[in-house]
Amino acid sequence: MLHWYAIIGEDIADSLSRRLAVRASHLERVEQLQQQGRLLLAGPFPAVDQGDPLQSGFSGSLIVAAFDSLEAAQLWADADPYQVAGVYVKVVVKPFKPVFRTP
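We now turn to the structure provided with this report.

Conventions we followed
- Residues numbered from 1 in each chain as written.
- Predicted model: local features only at pLDDT ≥ 70, side-chain atom pairs only at ≥ 80, totals over all residues.
- Heavy atoms only, no water.
- Helix = DSSP H or I, 4+ residues; strand = E, 2+ residues; numbered from the N terminus.
- Rg over C-alpha atoms; globule rule 2.2 N^0.38 Å.
- Buried < 20%, exposed > 50% of the residue type's maximum accessible area, 1.4 Å probe, protein only.
- Contact = heavy atoms within 4.5 Å.
- Areas by Shrake-Rupley, 256 points an atom, 1.4 Å probe, with all protein chains shown as cover.
- Pairing = 2+ DSSP bridges.
- Axes fitted to C-alpha atoms, helices over the stretch in contact; angles between N-to-C directions.
- Salt bridge = Lys/Arg side-chain N within 4 Å of Asp/Glu carboxyl O.

Let's shift gears to the overall build of the chain. Counting its secondary structure elements, the chain contains four helices and four strands. Ordered by position from the N terminus, the helices and strands of the chain form the series β-α-β-α-β-α-α-β. Taken against the 2.2 N^0.38 rule, which gives 13 Å for 103 residues, the C-alpha radius of gyration of the chain at 14 Å falls within 12% of a compact globule. Each of the three principal axes of the chain carries a C-alpha extent, and together these read 40 × 30 × 20 Å. Among the 103 residues that make up the chain, the fraction classed as buried is 33%. In the chain, the proportion of contacts linking residues at least 24 apart, taken out of those at least 6 apart, comes to 75%. Of the roughly 6600 Å² that the chain leaves accessible, carbon and sulfur atoms contribute 53%.

Encoded structure:
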């Protein structure tokens, strides 16, 4: 049985160049979750609330996806290209319970 987990990555300072270098690989893995019907939502946290994030960068990312266990979610997060490339200074994986959802 699959359960939902939130994967929250916190970027290092000035992470944009590292992000861009492995972005395609990161997106490919997230798209695999989507194709498998295991992705609830995913996206980055822009460093600013307005304007072009490709100018100001990002402060982190959020992925909410279904895994067999917390351990499986952690293993997936540990192998993420952003984590491997040093984009993230910290990654937290925790159980998530969707309560309100937009169809």
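Quick look at the sheet that holds strand S3 (residues 58–67) now. Sheet strands pair by backbone hydrogen bonding; their relative direction is either parallel or antiparallel. Across the sheet, which stays open at both edges, the four strands sit in the order S2-S3-S1-S4 with antiparallel pairing between neighbours. Sheet topology places strand S2 (39–46) and strand S4 (88–95) at the edges, where each strand pairs with a single neighbour. Put simply, the sheet's adjacent strands are angled 15° from each other on average, direction ignored. With eight bridges connecting them, strand S1 (residues 3–11) and S3 associate as antiparallel partners. Considered in S3, the bridge of isoleucine 8 is made with leucine 62. Against the sheet, helix H1 (residues 16–35) engages S1, S2, S3 and S4, with an angle of about 15° to S3.

Tallied over the entire structure, the rule returns two salt bridges. Between arginine 19 and aspartate 11 there is a salt bridge whose closest N-O contact spans 2.7 Å. The exposure classification of arginine 19 matches that of aspartate 11, with both residues buried. Between aspartate 80 and arginine 29 there is a salt bridge, with its nearest N and O atoms 3.6 Å apart. In this pair, aspartate 80 is assigned in the loop between helix H3 (70–78) and helix H4 (81–84) and arginine 29 in helix H1, connecting sequence segments 51 residues apart. Each member of the pair, aspartate 80 as well as arginine 29, carries the same accessibility label: buried.

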